[in-house]
Amino acid sequence: MSTGQLPRWVDYGLIPFVNLAAAFLVSGLVVVLIGENPLEAVRILIWGSLGYGEGIGFTLFYATNFIFTGLAVAVAFHAGLFNIGGEGQAYIGGLGVTFACLALDHIVPWYVTLPFAIIGSALMGAAWAFIPAWLQATRGSHVVITTIMFNFIASSLMVYLLNSALKKPGSMQPETRTFEAGGRLPFLNEVFPSFGFGYAPVNLSLFVALAACVLIWLLIWRTKLGFEIRSFGANATAAVYAGISPVRTIVITMLISGGLAGMMAINEIMGSQHRLLIDFVAGYGFVGIAVALMGRAHPVGIVLAAILFGMLYQGGAELSFEMPNITRDMIIVIQGLVILFAGALEHMFRPAITRLFTPSRAHAAEEA
Amino acid sequence: MFETLILILDSTVRLSTPLLLACLAGLYSERSGVVDIGLEGKMLGAAFGAGAVAYITANAWLGLLAGIGVSVALGLLHGFASISNRGNQIVSGVAINFLAAGLTALLGQTWFRQGGRTPALPEGGRFRDIVWPYAEQLRDVPVIGPLYSELLSGHNILVYAGFIAVPLTWWVLFRTRFGLRLRAVGENPAAVDTAGISVAWLRYRAVIACGILCGFAGAYLSIAQGAGFGVNMTAGKGFIALAALIFAKWRPASAMFACLLFGFLDAVAIRMQGQEVPGIGEIPVQFFQALPYILTVILLAGFIGKAVPPKAAGIPYLKERS
C-alpha cells in the first residue's frame, strides 16, 4: 500500500481535503458543545472575513504573516527538519526591522528603508536559527528541542531589551518610539483606495510575501540547492552518499527558514504597529506549522492556507462579537485540529481510501 | 542568611514539584520511544479538569481524578496518532498543546464566564498543606527547626507524591519486567516484537503512565499550589520539564535534581527581583527565566556530557512492510 498506487489527484487533492474536512467537522462539534449553531458561526465567519472591504483587508493582513511563517516551516520540512522556532525567529526578526527603521526613518522615504528592513529582519531571524541549525548539523542535538528553547530565550531577551536599551526614554511602556513616515509601509488602502480596505492594516509587505513565495518555489524546485535540500529531506543517507554535505544543507536550510520567519516582522512592525513592542508575534509563528502542513509545503498551498487562516483570525474576531461564547480561543482549537488531522493523523484515512480505489484499479488491470 | 536560604529552598520545592511530575511523565513516554512535546498541553488540560471538577464537587480528590482523566485522554490521542497511525510525534504533540490551550480557555469561558478562569475553589476543593507532627514545637530549635518545620513539613500531599514518584519510577523502570520491556521498546522495538511482546500495547501503557503523572502535575497547579485554573497557567512549565528531562539524560534521579535546579533558579529569580548583587549590580529577572533553556542548549551542544536519547525515540514502529 505505497503512495504510488493512488492517482495523483487522490494523493494531493482528496486525502488532504478529507483530513481538513475532518478537522472542521470536529471544530463544528466543539461549537455545538458550547451551545452555538455551527452553520450560523460559519456564516458570520465568512461574512466577517470576506463580506466587506475592510474585512478582506484584515484577512489579507493576517495572511501576510502566515505566508512568511508558513514558508519558513515549509522550507525546513523539505530538508526533513522541523523548525518549531518560527515564533522566536520572528520575534528577533523584529529587532532587524526596528534597527533599520529607527536608523533611517528621519532621513529617507520608506522605499529606501524597506530593503534594509527586509535584510535586517531576514538576517536577525536567520541568526536566531543559526545556533540550533549548527548544533543539529554538527552535534546532532535535535533541532525541535533547541528551537523550542530558543523561543523562550528570545522571549526573555526581548522583554529585557524592551525594558532597557530599546525603551523610549521617559516612557513606562516596554516599547520603542513610534517610527516616522520613513519607517512606515504604505497601507494598501492608500495605494488602492478603490478596494475600500478602510482601516485594515494590510500593507505593501503582502507583495514582499508573494515575492518570497515565488522565490522559494524557484529555490526549491529549480535550483541545485533546492534539489539538495529535497534529496536530503527524502533520504538523508542517500543524499550524503551522493556527495551532498549534511552540515551545509542543514545550516543553509535553517538560515533560509529563520530568515523567512524573521521577515514576518516587516508586516507587523513596519507595516502595522510602527514600533517594536512586547509579544507582537502573538503565536503567528506557530500558525505557520498549521499553514505549512495544510499547504503541503508548497508555496501555492501555503498562500491558500494562509488566506484560510487569515479568514479564521479576522472572521473569528467578528464571531466573538456576534457570539460571545465563541471567544478567539476557538481559532487556537481549530489550529490544533488542523495540525492534528492534516499532520499527525494524515495517514488515518489513507487505508480506507486506498481500499476504495484499489478494487476498481485491480479490475481494470485484469481486463487489460 | 540561613533563614533566607531555607525560604528559597522551601519555594524551590514548591516550584519544582510540577516540573518533576511532568518530567517523570515524559520519562515514561520517551523511554518507550514516544517523544512527547505535549507535556505542556496535558498539564494545562489536567489543570483545567482538576480546577473545574474541584470547584463543582468541592472535593480535591475528585478534582485530581478529573485532571488525570483529561490528561490520559490527551495522552491516548497522542498514542492514537503516533502509535496506531504512525504519525509524526512532534506534530501530534504540537497539536495537543494547541488543543489544550484553546479548549481550556474556550470551555472555561462557556462554563464559568470568568474570562476562562475557573472560580475560586470552595473549602475542601484544594489540597491543604500538611503540617508534620511537632513542626510547631521544633520551629525554634536552631538549624534543625527551620529545616524540619519549613522545608520538610508544610507542603501539600502532591509535593510529597512528586518526590515519592522518583524512587518509584526508578523501581518500575529498572527493577520490574514491565520497566525492562518499556526501556527495550524505546531502544529496539523490533527485538521486543520478536520476543512476542506487543510494541503498541507497551507504548500505549507508557503514554497512559505519562498521562497520569501529567495529571498530577496539572492538578498541582490549579488545586494545590493555586486556588483555581487560570488561562494558560502552565506558562511553559511543560517545556521546562522537557528541558529537565533532556538535562537529566532520561534518568529518574537526575530528573529530580534537574527539576530542583530549575525550580531553584525560578525561586532565586523571584527573590532577586529588584535587588542589587554586590559587584555586579541588578541581574535582570529575564536572565534567570532564560537560564534553564540556555543550560539545556549548552547541554545539548555536548559541553556538559552528552545527552543521548532512547534510540528509537520519535520513530514509529512498523511491524511489517506490505
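What you see as residue numbers is a count from 1 along each chain, following the sequence as written. Throughout, the order in which chains and ligands are written sets their labels, letters from A for the former and numbers from 1 for the latter. Local features are withheld for residues below a pLDDT of 70 in this predicted model, meaning they are given only at 70 or higher, and side-chain atom pairs are given and counted only at 80 or more; totals for whole chains, interfaces and linings count all residues.

1. Here we look at the overall build of chain A
- Summing up its helical and strand segments, chain A has 15 helices and zero strands in all.
- The globule rule used for comparison is 2.2 Å times the number of residues to the exponent 0.38, while the radius of gyration itself is calculated over C-alpha atoms. Computed over C-alpha atoms, the radius of gyration of chain A comes to 22 Å, within 12% of the 21 Å expected from 2.2 N^0.38 for 368 residues, which places it in the range of a compact globule.
- For chain A, the spread of C-alpha atoms along the three principal axes comes to 80 × 55 × 35 Å.
- Across the 368 residues in chain A, those meeting the buried criterion constitute 54%.
- Here, residues touch in the contact sense if the C-beta positions derived from the backbone fall within 7 Å of one another. Contacts in chain A between residues at least 24 apart in sequence constitute 77% of all its contacts with a sequence separation of at least 6. Secondary structure elements follow DSSP: runs of H or I of four or more residues count as helices, runs of E of two or more count as strands, with numbering from the N terminus. Backbone-placed C-beta atoms define the burial measure: a residue is buried with 20 or more other C-beta atoms within 10 Å of its own, exposed with 12 or fewer, and partly exposed in between.

2. Regarding the overall build of chain B
- When its secondary structure is counted, chain B shows 13 helices and four strands.
- Scaling as 2.2 N^0.38, a compact globule of 322 residues should have a C-alpha radius of gyration of about 20 Å, and chain B matches this with 20 Å.
- Dimensions along the principal axes, computed over C-alpha positions, put chain B at roughly 70 × 50 × 40 Å.
- Across the 322 residues in chain B, those meeting the buried criterion constitute 52%.

3. Overview of unusual backbone geometry
- Although it is not a glycine, A:H274 sits at a positive phi angle of roughly 60°.
- By the element assignment, A:H274 lies in the loop between α11 (246-273) and α12 (284-294).
- A:H274 gets classed as buried once you count the C-beta atoms within 10 Å, which come to 21.
- Positive phi, close to 45°, is recorded for B:A235, a residue that is not glycine.
- Note on placement: B:A235 falls in the loop between α10 (199-225) and α11 (237-247).
- Taking the number of C-beta atoms within 10 Å as the measure of exposure, B:A235 has 12 and is therefore exposed.

4. A few points about the environment of B:V131
Residues and elements named next belong to chain B.
- With respect to the helices and strands, the residue V131 is situated in the loop between β1 (129-130) and α5 (135-138).
- Residue classification places V131 among the exposed positions, given that 12 C-beta atoms sit within 10 Å.
- Placed 53 residues apart in sequence, V131 and H78 show a C-alpha to C-alpha distance of 39 Å.
- Dropping the residues within four chain positions of it, V131 is found in contact with S153 and G154.

5. Re α12(A)
Residues and elements named next belong to chain A.
- Taken across its eleven residues, α12 has eleven buried, putting it largely inside the fold.
- Of all the residues in α12, the buried ones are Y284, G285, F286, V287, G288, I289, A290, V291, A292, L293 and M294.
- Looking at the residues trailing α12, positive phi occurs at R296, about 50°.

6. Considering the packing of helix α5 (residues 110-139) of chain A against helix α6 (residues 143-163) of chain A
All names here are of chain A.
- It is the contact of α5 with α6, at a shortest axis distance of 9 Å, that shows an interaxial angle of 155°. Taken together, the axis directions place α5 and α6 in an arrangement best described as roughly antiparallel. Judged by the sense of rotation from one axis to the other, the crossing of α5 with α6 is right-handed. Residue-level contacts link W128, P132, A133, L135 and Q136 of α5 to V143, T146, T147, F150 and A154 of α6. Working convention: axes come from line fits to C-alpha atoms, limited for helices to the stretch in contact. Angles between N-to-C directions cover 0 to 180 degrees. Any angle between 65 and 115 degrees counts as roughly perpendicular, while under 35 counts as roughly parallel, over 145 as roughly antiparallel, and the rest as oblique. Crossings are classed by handedness, with left-handed meaning an anticlockwise turn of the near helix from the far one by less than a right angle and right-handed meaning a clockwise turn.

7. Concerning the interface of chain B and chain A
- The interface is formed by 38 residues belonging to chain B together with 36 residues belonging to chain A.
- Looking at the side of chain B that touches chain A, the element that brings in the most residues is helix α4 (residues 89-112) of chain B, giving 15 residues.
- For the side of chain B that touches chain A, the residue count by class is 23 nonpolar, 14 polar and one charged. Each residue receives one of three labels: charged for Asp, Glu, Lys and Arg, nonpolar for Ala, Val, Leu, Ile, Met, Phe, Trp, Tyr, Cys and Pro, and polar for the others, Gly being one of them.

8. Structural notes on the nonpolar core
- One finds A:L71, A:F309, A:I339, B:C23, B:L213, B:A244 and B:A255 to be the most contacted residues of the largest nonpolar core, which totals 228 residues.
- Contact partners of B:L213, with chain neighbours within four places excluded, come to B:L21, B:L24, B:A25 and B:A165. What we call a nonpolar core is a set of buried Ala, Val, Leu, Ile, Met, Phe, Trp, Tyr and Cys residues whose membership is set by joining through C-beta atoms within 7 Å.

9. Here we look at α5(A)
Residues and elements named next belong to chain A.
- Expected span, for any helix, means 1.5 Å times one less than how many residues it has. The end-to-end C-alpha separation of α5 is 42 Å, in line with the 44 Å expected for 30 residues at 1.5 Å each.
- Throughout, the bend at a residue refers to the angle made by two axes, fitted to the seven residues ending there and to the seven starting there. At F130, α5 shows its largest kink, close to 35°, and the proline P132 lies no more than four residues downstream.
- Two residues or fewer after α5 comes G140, characterised by a positive phi angle close to 70°.

10. Examining the confidence of the model for chain A
- Summary of the metric used: pLDDT quantifies the predictor's per-residue confidence within the range 0 to 100. The pLDDT averaged across chain A works out to 90; a share of 96% of its residues lies at or above 70.
- Across chain A, element-level confidence peaks in helix α8 (residues 205-222) of chain A with a mean pLDDT of 96 and bottoms out in helix α15 (residues 350-367) of chain A with 69.

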